[in-house]
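What follows is each chain in one-letter form.
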Amino acid sequence: MAEPMKVRAKLAGDVLDVKILISHTMETGQRKDAKSGQVVPAHFIQNVTVDLNGKTAVAAQWGAAISKDPFLGLKLKGAKAGDTVTVNWEDNKGGKGSGATTIT
Amino acid sequence: MKVANEINQARRALLKGGCTAGVLALAASAGLLTPGRVLAAPWNKGAFEAKSIPDALKGLGAGGSAATSADIAIKAPDIAENGAVVPVEVTSQIADTQAIIILSEKNPLPLLANFDFTEGSAQGYVSTRIKLGQTSQVRVVVKAGGKYYSAAKEIKVTIGGCGG
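Predicted model only: the values in this text are computed from it and were never measured. (Residues numbered from 1 in each chain as written. Chains lettered and ligands numbered in written order. Predicted model: local features only at pLDDT ≥ 70, side-chain atom pairs only at ≥ 80, totals over all residues. Heavy atoms only, no water.)

### Some details on the interface of chain B and chain A
How big an interface is tends to be reported as the loss of accessible area on association of its parts. Contacts between chain B and chain A engage 34 residues on the former and 30 residues on the latter. Interface area for chain B against chain A, summed over the two sides, is near 2,800 Å², with a carbon-plus-sulfur share of 53%. Per-residue buried area on chain B facing chain A is highest for Trp43(B), Arg129(B) and Lys131(B); these three make up 25% of the total on that side. Where chain B meets chain A, there are 0 salt bridges. The set of elements that each furnish at least two residues to the side of chain B that touches chain A consists of strand E6 (111–117) and strand E7 (122–130) of chain B. Broken down by element, the side of chain B that touches chain A gets its largest block of residues, 8 residues, from E7(B). Within the side of chain B that touches chain A, the residues separate by chemical class into 20 nonpolar, 11 polar and 3 charged. Two elements, strand E4 (residues 55–62) of chain A and E6(B), share 5 bridges in a ladder whose sense is antiparallel. Within E6(B), the position partnered with Ala60(A) by the bridge is Phe115(B). (Contact = heavy atoms within 4.5 Å. Buried area = accessible area lost by both parts, 1.4 Å probe. Salt bridge = Lys/Arg side-chain N within 4 Å of Asp/Glu carboxyl O. Helix = DSSP H or I, 4+ residues; strand = E, 2+ residues; numbered from the N terminus. Nonpolar A, V, L, I, M, F, W, Y, C, P; charged D, E, K, R; others polar. Pairing = 2+ DSSP bridges.)

### Some remarks on the packing of aromatic side chains
All told, the structure shown has 2 aromatic pairs over all chains when counted by the stated rule. Counting every residue linked through ring pairs, the aromatic cluster contains Phe44(A), Trp43(B) and Phe48(B). Lying across the ring of Tyr125(B), Lys75(A) places its NZ or CZ 4.2 Å from the centre. (Phe/Tyr/Trp six-rings, centres within 6.5 Å; stacked < 30°, edge-to-face > 60°. Lys NZ or Arg CZ within 6 Å of the ring centre and 35° of its normal.)

### Remarks on the pairing of strand E3 (residues 45–52) of chain A
Residues and elements named next belong to chain A. Here E3 lies mainly inside the structure; 8 of its 8 residues are buried. Pairing between E3 and strand E6 (residues 84–91): 7 bridges, direction antiparallel. Bridging from a neighbouring strand, Asp51 pairs with Thr86 of E6. Judged from the 6 bridges that link them, E3 and E4 form a sheet pairing that is antiparallel. The partner of Val50 across the bridge, within E4, is Val58. Count of turn residues in the E3/E4 antiparallel hairpin: 2 residues, of which Asn53 carries a positive phi of about 50°. (Buried < 20%, exposed > 50% of the residue type's maximum accessible area, 1.4 Å probe, protein only.)

### Observations concerning the pairing of E6(A)
All names here are of chain A. Judged by which residues are buried, E6 turns out to be one-sided: Val85, Val87, Trp89 and Asp91 face inward and are buried, whereas Thr84, Thr86, Asn88 and Glu90, on the alternate face, are not. Bridge count between E6 and strand E7 (residues 96–102): 7 bridges; the pairing is antiparallel. Directly across from Glu90, in E7, lies its bridge partner Lys96.

### Notes on the sheet that holds strand E2 (residues 72–75) of chain B
Strands sit in the order E1(A)-E2(A)-E5(A)-E7(B)-E4(B)-E2(B) across an open sheet of 6 strands; the sheet is antiparallel. The sheet is open, and its two borders are formed by strand E1 (5–12) of chain A together with E2 of chain B, each paired with just one other strand. On average, adjacent strands in this sheet sit at an angle of 15° to one another, irrespective of strand direction. (Axes fitted to C-alpha atoms, helices over the stretch in contact; angles between N-to-C directions.)

Function cannot be read off these values alone, since they describe shape.
Written out as C-alpha coordinates, the structure reads:
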(Lines give C-alpha, C1' and ligand atoms only; values in the text may rest on other atoms or scores of the structure.)
Protein backbone atom coordinates (compact mmCIF):
# COMPACT_ATOMS: atom_id res chain seq x y z
CA MET A 1 0.00 0.00 0.00
CA ALA A 2 1.06 3.54 -0.66
CA GLU A 3 2.01 5.65 2.33
CA PRO A 4 -1.18 6.36 4.30
CA MET A 5 -1.09 10.11 4.17
CA LYS A 6 0.72 13.02 2.60
CA VAL A 7 0.64 16.58 3.85
CA ARG A 8 2.32 19.37 1.91
CA ALA A 9 2.36 23.03 2.87
CA LYS A 10 3.94 25.78 0.82
CA LEU A 11 4.02 29.49 1.48
CA ALA A 12 3.05 31.74 -1.41
CA GLY A 13 3.43 35.28 -0.09
CA ASP A 14 1.40 35.37 3.11
CA VAL A 15 -0.92 32.57 2.06
CA LEU A 16 -0.14 28.99 2.99
CA ASP A 17 -1.13 26.49 0.34
CA VAL A 18 -1.96 23.16 2.01
CA LYS A 19 -2.41 19.95 0.06
CA ILE A 20 -3.50 16.77 1.78
CA LEU A 21 -3.76 13.29 0.30
CA ILE A 22 -5.18 10.49 2.44
CA SER A 23 -5.15 6.84 1.47
CA HIS A 24 -8.63 5.54 2.25
CA THR A 25 -11.12 3.25 0.51
CA MET A 26 -14.11 5.68 0.97
CA GLU A 27 -16.68 2.92 0.48
CA THR A 28 -20.18 4.39 0.01
CA GLY A 29 -22.20 1.45 1.29
CA GLN A 30 -24.16 1.42 -1.98
CA ARG A 31 -21.83 -0.63 -4.14
CA LYS A 32 -22.37 -4.37 -4.52
CA ASP A 33 -19.48 -6.77 -4.54
CA ALA A 34 -19.15 -8.20 -8.05
CA LYS A 35 -18.56 -11.77 -6.84
CA SER A 36 -20.88 -12.21 -3.85
CA GLY A 37 -23.59 -9.75 -4.83
CA GLN A 38 -23.54 -8.47 -1.25
CA VAL A 39 -23.57 -4.76 -0.54
CA VAL A 40 -20.11 -3.63 0.53
CA PRO A 41 -20.54 -1.92 3.93
CA ALA A 42 -19.92 1.80 4.11
CA HIS A 43 -16.44 2.75 5.25
CA PHE A 44 -15.51 6.38 4.84
CA ILE A 45 -13.86 9.33 6.58
CA GLN A 46 -16.32 11.46 8.52
CA ASN A 47 -14.21 14.05 10.33
CA VAL A 48 -11.08 15.84 9.20
CA THR A 49 -9.40 18.61 11.15
CA VAL A 50 -6.51 20.71 9.93
CA ASP A 51 -4.53 22.49 12.65
CA LEU A 52 -1.99 25.26 12.31
CA ASN A 53 0.37 25.20 15.32
CA GLY A 54 -2.09 23.09 17.26
CA LYS A 55 -5.02 25.43 16.65
CA THR A 56 -7.80 24.14 14.44
CA ALA A 57 -8.09 26.15 11.23
CA VAL A 58 -10.51 23.98 9.29
CA ALA A 59 -12.85 21.30 10.60
CA ALA A 60 -14.49 19.29 7.84
CA GLN A 61 -17.24 16.70 7.92
CA TRP A 62 -17.51 14.41 4.95
CA GLY A 63 -20.12 12.09 3.54
CA ALA A 64 -19.31 8.94 1.59
CA ALA A 65 -19.33 10.86 -1.69
CA ILE A 66 -15.79 12.15 -1.34
CA SER A 67 -13.66 10.22 -3.81
CA LYS A 68 -11.48 7.27 -2.88
CA ASP A 69 -8.05 8.35 -1.57
CA PRO A 70 -9.36 11.84 -0.74
CA PHE A 71 -7.56 14.99 -1.78
CA LEU A 72 -8.04 18.21 0.10
CA GLY A 73 -6.59 21.60 -0.79
CA LEU A 74 -6.86 24.58 1.55
CA LYS A 75 -5.42 28.06 1.91
CA LEU A 76 -4.49 29.27 5.37
CA LYS A 77 -3.64 32.76 6.56
CA GLY A 78 -1.13 33.95 9.13
CA ALA A 79 1.35 31.10 8.71
CA LYS A 80 5.13 31.47 8.65
CA ALA A 81 8.16 29.28 8.14
CA GLY A 82 8.70 26.90 11.03
CA ASP A 83 4.97 26.53 11.76
CA THR A 84 3.42 23.06 11.82
CA VAL A 85 0.36 21.87 9.97
CA THR A 86 -1.29 18.83 11.51
CA VAL A 87 -4.11 16.82 9.93
CA ASN A 88 -6.26 14.32 11.80
CA TRP A 89 -9.06 12.18 10.41
CA GLU A 90 -11.51 9.65 11.74
CA ASP A 91 -13.75 7.26 9.78
CA ASN A 92 -17.14 5.71 10.51
CA LYS A 93 -15.55 2.53 11.86
CA GLY A 94 -13.40 4.38 14.38
CA GLY A 95 -10.28 4.23 12.22
CA LYS A 96 -7.96 7.20 12.66
CA GLY A 97 -4.98 8.70 10.96
CA SER A 98 -2.83 11.75 11.20
CA GLY A 99 -0.06 13.49 9.37
CA ALA A 100 1.97 16.62 9.84
CA THR A 101 4.45 18.83 8.09
CA THR A 102 6.63 21.77 9.02
CA ILE A 103 6.53 24.83 6.78
CA THR A 104 9.91 25.60 5.24
CA MET B 1 -34.89 31.05 29.85
CA LYS B 2 -36.17 27.52 29.47
CA VAL B 3 -34.58 27.22 26.05
CA ALA B 4 -31.18 28.24 27.40
CA ASN B 5 -31.47 25.60 30.09
CA GLU B 6 -32.29 22.95 27.54
CA ILE B 7 -29.28 23.92 25.47
CA ASN B 8 -27.03 23.75 28.52
CA GLN B 9 -28.35 20.35 29.40
CA ALA B 10 -27.85 19.13 25.88
CA ARG B 11 -24.32 20.45 25.89
CA ARG B 12 -23.53 18.80 29.19
CA ALA B 13 -24.89 15.51 27.93
CA LEU B 14 -22.73 15.83 24.84
CA LEU B 15 -19.63 16.67 26.84
CA LYS B 16 -20.16 13.63 29.03
CA GLY B 17 -19.89 11.55 25.91
CA GLY B 18 -23.47 10.43 26.14
CA CYS B 19 -23.77 10.40 22.38
CA THR B 20 -26.98 8.43 22.12
CA ALA B 21 -29.25 9.17 19.21
CA GLY B 22 -31.69 10.96 21.49
CA VAL B 23 -29.10 13.31 22.86
CA LEU B 24 -27.78 14.07 19.40
CA ALA B 25 -31.27 14.74 18.11
CA LEU B 26 -31.89 17.07 21.03
CA ALA B 27 -28.58 18.83 20.46
CA ALA B 28 -29.31 19.18 16.76
CA SER B 29 -32.76 20.59 17.43
CA ALA B 30 -31.31 23.02 19.95
CA GLY B 31 -28.91 24.20 17.26
CA LEU B 32 -25.80 23.02 19.08
CA LEU B 33 -24.37 21.25 16.08
CA THR B 34 -24.51 24.12 13.65
CA PRO B 35 -21.37 24.66 11.60
CA GLY B 36 -18.69 26.80 13.14
CA ARG B 37 -19.90 26.30 16.66
CA VAL B 38 -18.30 23.07 17.77
CA LEU B 39 -14.94 22.29 16.24
CA ALA B 40 -14.53 18.67 17.14
CA ALA B 41 -18.24 18.14 16.66
CA PRO B 42 -19.57 14.62 16.28
CA TRP B 43 -20.42 13.73 12.71
CA ASN B 44 -23.75 15.30 11.72
CA LYS B 45 -25.58 12.05 10.95
CA GLY B 46 -28.95 13.65 10.37
CA ALA B 47 -27.67 16.08 7.76
CA PHE B 48 -25.47 13.56 5.96
CA GLU B 49 -28.22 10.93 5.77
CA ALA B 50 -30.86 13.38 4.55
CA LYS B 51 -32.29 12.42 1.17
CA SER B 52 -32.88 15.94 -0.13
CA ILE B 53 -30.94 19.19 -0.23
CA PRO B 54 -33.46 21.16 1.90
CA ASP B 55 -33.41 18.45 4.59
CA ALA B 56 -29.61 18.30 4.54
CA LEU B 57 -29.32 22.07 4.89
CA LYS B 58 -31.88 22.04 7.67
CA GLY B 59 -29.77 19.42 9.44
CA LEU B 60 -26.80 21.77 9.23
CA GLY B 61 -28.81 24.65 10.61
CA ALA B 62 -28.78 26.33 7.21
CA GLY B 63 -32.45 25.79 6.48
CA GLY B 64 -33.26 29.40 5.67
CA SER B 65 -33.10 30.90 2.22
CA ALA B 66 -29.69 31.38 0.67
CA ALA B 67 -29.12 34.29 -1.70
CA THR B 68 -27.46 33.44 -5.01
CA SER B 69 -24.03 35.01 -5.04
CA ALA B 70 -21.65 35.78 -7.89
CA ASP B 71 -18.79 35.87 -5.39
CA ILE B 72 -18.69 32.09 -5.15
CA ALA B 73 -16.67 30.45 -7.90
CA ILE B 74 -17.02 26.73 -8.59
CA LYS B 75 -14.22 25.37 -10.71
CA ALA B 76 -15.09 21.92 -12.05
CA PRO B 77 -15.22 20.18 -15.40
CA ASP B 78 -18.40 20.67 -17.48
CA ILE B 79 -18.26 17.01 -18.39
CA ALA B 80 -16.80 14.46 -16.01
CA GLU B 81 -15.88 11.22 -17.72
CA ASN B 82 -15.61 9.34 -14.46
CA GLY B 83 -18.20 10.24 -11.82
CA ALA B 84 -16.11 8.55 -9.12
CA VAL B 85 -13.47 11.25 -9.25
CA VAL B 86 -14.69 14.75 -10.07
CA PRO B 87 -12.30 17.53 -9.08
CA VAL B 88 -14.10 20.51 -7.59
CA GLU B 89 -12.56 23.77 -6.46
CA VAL B 90 -14.62 26.32 -4.56
CA THR B 91 -13.49 29.89 -3.93
CA SER B 92 -15.62 32.25 -1.89
CA GLN B 93 -14.74 35.94 -2.15
CA ILE B 94 -17.35 36.77 0.46
CA ALA B 95 -15.76 38.43 3.48
CA ASP B 96 -15.75 36.42 6.70
CA THR B 97 -16.52 33.08 5.06
CA GLN B 98 -17.24 30.69 7.94
CA ALA B 99 -18.25 27.51 6.16
CA ILE B 100 -18.43 25.95 2.72
CA ILE B 101 -21.00 23.23 2.14
CA ILE B 102 -20.94 21.09 -1.03
CA LEU B 103 -24.11 19.32 -2.20
CA SER B 104 -25.21 17.39 -5.27
CA GLU B 105 -28.85 17.36 -6.33
CA LYS B 106 -28.93 13.89 -7.83
CA ASN B 107 -26.78 11.89 -5.42
CA PRO B 108 -28.66 9.42 -3.17
CA LEU B 109 -27.31 11.38 -0.21
CA PRO B 110 -27.04 14.99 -1.40
CA LEU B 111 -24.74 16.35 1.32
CA LEU B 112 -21.16 15.69 0.22
CA ALA B 113 -19.07 17.73 2.61
CA ASN B 114 -19.13 20.59 5.08
CA PHE B 115 -16.00 22.62 5.79
CA ASP B 116 -15.97 24.87 8.86
CA PHE B 117 -13.38 27.61 8.99
CA THR B 118 -12.11 28.98 12.24
CA GLU B 119 -12.27 32.74 12.21
CA GLY B 120 -9.39 34.41 10.48
CA SER B 121 -7.18 31.39 9.86
CA ALA B 122 -8.36 30.05 6.53
CA GLN B 123 -9.34 31.62 3.23
CA GLY B 124 -12.69 30.77 1.69
CA TYR B 125 -11.17 28.10 -0.49
CA VAL B 126 -11.58 24.34 -0.76
CA SER B 127 -10.31 21.96 -3.37
CA THR B 128 -11.33 18.31 -3.31
CA ARG B 129 -12.59 15.41 -5.41
CA ILE B 130 -16.17 14.17 -5.21
CA LYS B 131 -18.29 11.29 -6.47
CA LEU B 132 -21.36 12.02 -8.59
CA GLY B 133 -23.94 9.31 -9.30
CA GLN B 134 -25.18 11.02 -12.46
CA THR B 135 -25.32 14.35 -14.26
CA SER B 136 -26.29 16.83 -11.62
CA GLN B 137 -26.29 20.38 -10.37
CA VAL B 138 -23.54 20.73 -7.81
CA ARG B 139 -24.59 23.31 -5.27
CA VAL B 140 -22.30 25.20 -2.94
CA VAL B 141 -23.65 27.00 0.10
CA VAL B 142 -21.37 29.47 1.86
CA LYS B 143 -21.94 30.70 5.38
CA ALA B 144 -20.55 34.18 5.93
CA GLY B 145 -21.35 36.60 8.72
CA GLY B 146 -24.22 34.39 9.85
CA LYS B 147 -25.89 34.53 6.42
CA TYR B 148 -26.04 31.94 3.67
CA TYR B 149 -25.13 32.36 0.01
CA SER B 150 -25.29 29.80 -2.75
CA ALA B 151 -24.04 29.02 -6.22
CA ALA B 152 -24.50 26.04 -8.52
CA LYS B 153 -22.86 24.45 -11.52
CA GLU B 154 -24.06 21.58 -13.66
CA ILE B 155 -21.61 18.73 -14.16
CA LYS B 156 -22.40 16.13 -16.80
CA VAL B 157 -21.35 12.63 -15.85
CA THR B 158 -20.80 9.89 -18.40
CA ILE B 159 -20.01 7.05 -15.93
CA GLY B 160 -21.62 7.20 -12.48
CA GLY B 161 -19.49 7.01 -9.39
CA CYS B 162 -21.82 5.59 -6.79
CA GLY B 163 -21.52 1.91 -7.69
CA GLY B 164 -24.61 0.03 -8.76
